[in-house]
Amino acid sequence: MRRYYLHTRHHGIFYAELVSPEGYKLTAHSTGTRDRDEALLKVAEWLKSGIPTGRLRKPRPMAVATGLEAILKSIRKTGLNGDDAMQIVSLLKSQELVDIPVIKVGKGNVLFTDFLERFWDYDKSPYVRDKLAHGHTIGKTHCYDMSNRIRSAWVPALKGRTLSSITKAESEFTVPL
């Protein structure tokens, strides 16, 4: 079995893809040279002392690098959701590698029911303002009726769920009114 693959990229600079003991290729690393012999010497050094990683290019042993590469590869290929990410963060926290988990902020992190209530609030809704700005008519009574429907049907069904957690399959069901 081959231990590495050597190829050129970007203006003739050689890159090496080392092969893990399990048989899969690792991420390509630049040798920083256009000379094949120098590139081969650098790859031999990496195989002997470890793969340079990080900003400081500190060598990491092949066993550690392949284990980390396998973890990163599985994360890239697996469709993770928020709960999976939180499990990963809690594991990192238990090993004292991170202090504070980062929670994705944005429009999708708003509670679905809060979003709907704001959507039909006549005084605060961007939707209502846009309709009125374009010369369409939308009444306060209609917005009030829609707010009541939200409170009677949608709030009990989707209480506590965020906007980003609602899937397409769930958005297609109808709530009985």
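Structure first, text after, so check above.
The rules behind each value
- Residues numbered from 1 in each chain as written.
- Predicted model: local features only at pLDDT ≥ 70, side-chain atom pairs only at ≥ 80, totals over all residues.
- Heavy atoms only, no water.
- Phe/Tyr/Trp six-rings, centres within 6.5 Å; stacked < 30°, edge-to-face > 60°.
- Helix = DSSP H or I, 4+ residues; strand = E, 2+ residues; numbered from the N terminus.
- Contact = heavy atoms within 4.5 Å.
- Buried < 20%, exposed > 50% of the residue type's maximum accessible area, 1.4 Å probe, protein only.
- Core = buried A, V, L, I, M, F, W, Y, C linked by side-chain atoms within 4.5 Å.
- Pairing = 2+ DSSP bridges.
- Expected span 1.5 Å × (residues − 1).

A. Focus on the packing of aromatic side chains. Tallying each qualifying case throughout the model produces five aromatic pairs. Between tryptophan 120 and tyrosine 127 the ring centres are 5.7 Å apart and the planes differ by 75°, which places this aromatic pair in the edge-to-face class. Through a chain of ring-to-ring contacts, three or more aromatic side chains come together here, namely Phe115, Phe119, Trp120 and Tyr127.

B. Broad picture of the side chain of threonine 113. Along the chain, threonine 113 falls in helix 4 (residues 112-119). Not counting the four nearest positions on each side in its chain, threonine 113 is found in contact with Trp154, Val155, Leu158 and Lys159.

C. Geometry of the environment of serine 165. Position of serine 165 among the secondary structure elements: in the loop between helix 6 (140-158) and helix 7 (168-171). Residue serine 165 is classed as partly exposed on the basis of its relative accessible area of 28%. Residues serine 165 and leucine 111, spaced 54 residues apart in sequence, show a C-alpha to C-alpha distance of 9.3 Å.

D. Molecular detail of the nonpolar core. Within the largest apolar cluster, eleven residues are counted, these being Phe112, Leu116, Trp120, Val128, Ile138, Cys143, Met146, Ile150, Val155, Leu158 and Ile166. Within the residue set of this core, elements represented by two or more residues are helix 4 and helix 6. Among the elements that line this core, the one with the most residues is helix 6, at five residues. The contacts of leucine 158, once residues within four sequence positions are left out, are Phe112, Thr113 and Ile166. If you look at the next biggest cluster of nonpolar residues, it comprises ten residues, including Tyr24, Ala39, Trp46 and Ile51.

E. Spatial organisation of the pairing of strand 2 (residues 13-18). The buried fraction of strand 2 amounts to five of the six residues, a majority that puts the element mostly inside the structure. Where strand 1 (residues 4-9) lies against strand 2, six bridges are found, and the strand directions are antiparallel. Across the sheet, the residue bridging to tyrosine 5 is glutamate 17, located in strand 2. Taking the residues between adjacent antiparallel strands as the criterion, strand 1 and strand 2 are bridged by three residues, where histidine 10 takes a positive phi near 25°.

F. Geometry of helix 3 (residues 82-94). Helix length check: helix 3 (13 residues) gives 18 Å between terminal C-alpha atoms against 18 Å at 1.5 Å per residue, within 8%. Immediately beyond the C-terminal end of helix 3, within one or two residues, lies glutamate 96, with a positive phi of roughly 55°.

G. Fine view of the environment of glutamate 22. Relative to the assigned elements, glutamate 22 resides in the loop between strand 2 and strand 3 (29-30). For glutamate 22, a relative accessible area of 58% corresponds to the exposed category. Separated by 48 residues in sequence, glutamate 22 and alanine 70 place their C-alpha atoms 9.7 Å apart.

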